[in-house]
Amino acid sequence: MKPTRIFLDLDDVLNAFTMSALGYVGCGVGAYEYDAYNPQYGFDIVRAANALHPFLNFTEADFWQSIDRNFWATVPKSRECDSLLSACENLVGVENVCILSSPTRDPDSLAGKLEWIHAFLPKRFHRQFLIGPRKYFCARHDSLLIDDSARNVDGFLDAGGNAILMPRPWNRHHSITNSLRYVMVELSFVFQKDFCYTTARS
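Residues numbered from 1 in each chain as written. Predicted model: local features only at pLDDT ≥ 70, side-chain atom pairs only at ≥ 80, totals over all residues. Heavy atoms only, no water.

## Considering the side chain of Ser143
Inference 1: For Ser143, the location among the structural elements is in strand 4 (residues 143-147).
Inference 2: Among the polar contacts listed, one links the side chain of Ser143 to the backbone oxygen of Cys138, at a separation of 3.2 Å. (Helix = DSSP H or I, 4+ residues; strand = E, 2+ residues; numbered from the N terminus. Polar contact = N/O pair within 3.5 Å; in protein donor to acceptor, adjacent residues only side chain to side chain.)

Here you go:
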């Protein structure tokens, strides 16, 4: 059965969170400078920050306290964002596309994510979101998750849903250089439908 609902991760799928956060705390990297992130860091942004920062050694608490509400609200869109939204909307309809994001324990993260959705996404998506860390609760045979976290993707699959892992340097698809093309091919396979796309620039 083809999925009738698509859940899109916010951080590092629709926006460029990780590299922007590393730049924000002083690591000297750009929002889309993925080559600077060594795959050996895995899904550990604090480890990456300590490897990339010229002189600071962050604790986990230090790092996350450096990320304020304004940052969460102003992270640049990912280069894939617009094309991905358009493709998903065309496949299942806007009413069946939902932003799914897990905030940190800081309330500013949750508030900033909502502000980001309102600032960067079309108005038709402004009430199309769910916030929470247990993404697998949304897994069903007719739902699909697109996420950059292998843990989230595997959990969604284990719970009976469908999932696509967005290639990023911190996951097992780190060798794939064109993330948008990969996801579009996977969508074509899942929905058994060929469609064209254009790479949107943020």
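## Here we look at the sheet that holds strand 1 (residues 5-9)
Inference 1: A sheet is described by the order of its strands in space; here five strands give the open sequence 3-2-1-4-5, paired in parallel fashion. In the strand order of this sheet, the two ends are held by strand 3 (129-131) and strand 5 (162-165), each with one partner. Each strand of the sheet is rotated relative to its neighbour by a mean of 20 degrees, with strand direction disregarded.
Inference 2: Judged from the four bridges that link them, strand 1 and strand 2 (residues 97-101) form a sheet pairing that is parallel. Among the inter-strand pairings, Phe7 is bridged to a residue of strand 2, identified as Cys98.
Inference 3: Of the strands in this sheet, strand 1, strand 2 and strand 4 touch helix 6 (residues 81-92), which is tilted by about 165 degrees from strand 1. (Pairing = 2+ DSSP bridges. Axes fitted to C-alpha atoms, helices over the stretch in contact; angles between N-to-C directions. Contact = heavy atoms within 4.5 Å.)

## Remarks on the layout of surface pockets
Inference 1: Approximately 1,100 Å³ is the volume attributed to the largest pocket.
Inference 2: Forming the boundary of the largest pocket are 32 residues, of which Phe43, Ser102, Pro103, Ser149 and Asn152 lie nearest the centre.
Inference 3: If you go around the second largest pocket, you meet 20 residues; those closest to its centre are Tyr34, Arg168, Ile176, Thr177 and Ser179.
Inference 4: Here the residues of the lining of the second largest pocket sort into eight nonpolar, eight polar and four charged. (1 Å grid on protein atoms, 1.4 Å probe; cavity = no way out; pocket = protein on both sides within 12 Å on 5 of 7 lines; lining within 4 Å. Points joined across faces, edges and corners; volume = space filled by probe spheres on them. Nonpolar A, V, L, I, M, F, W, Y, C, P; charged D, E, K, R; others polar.)

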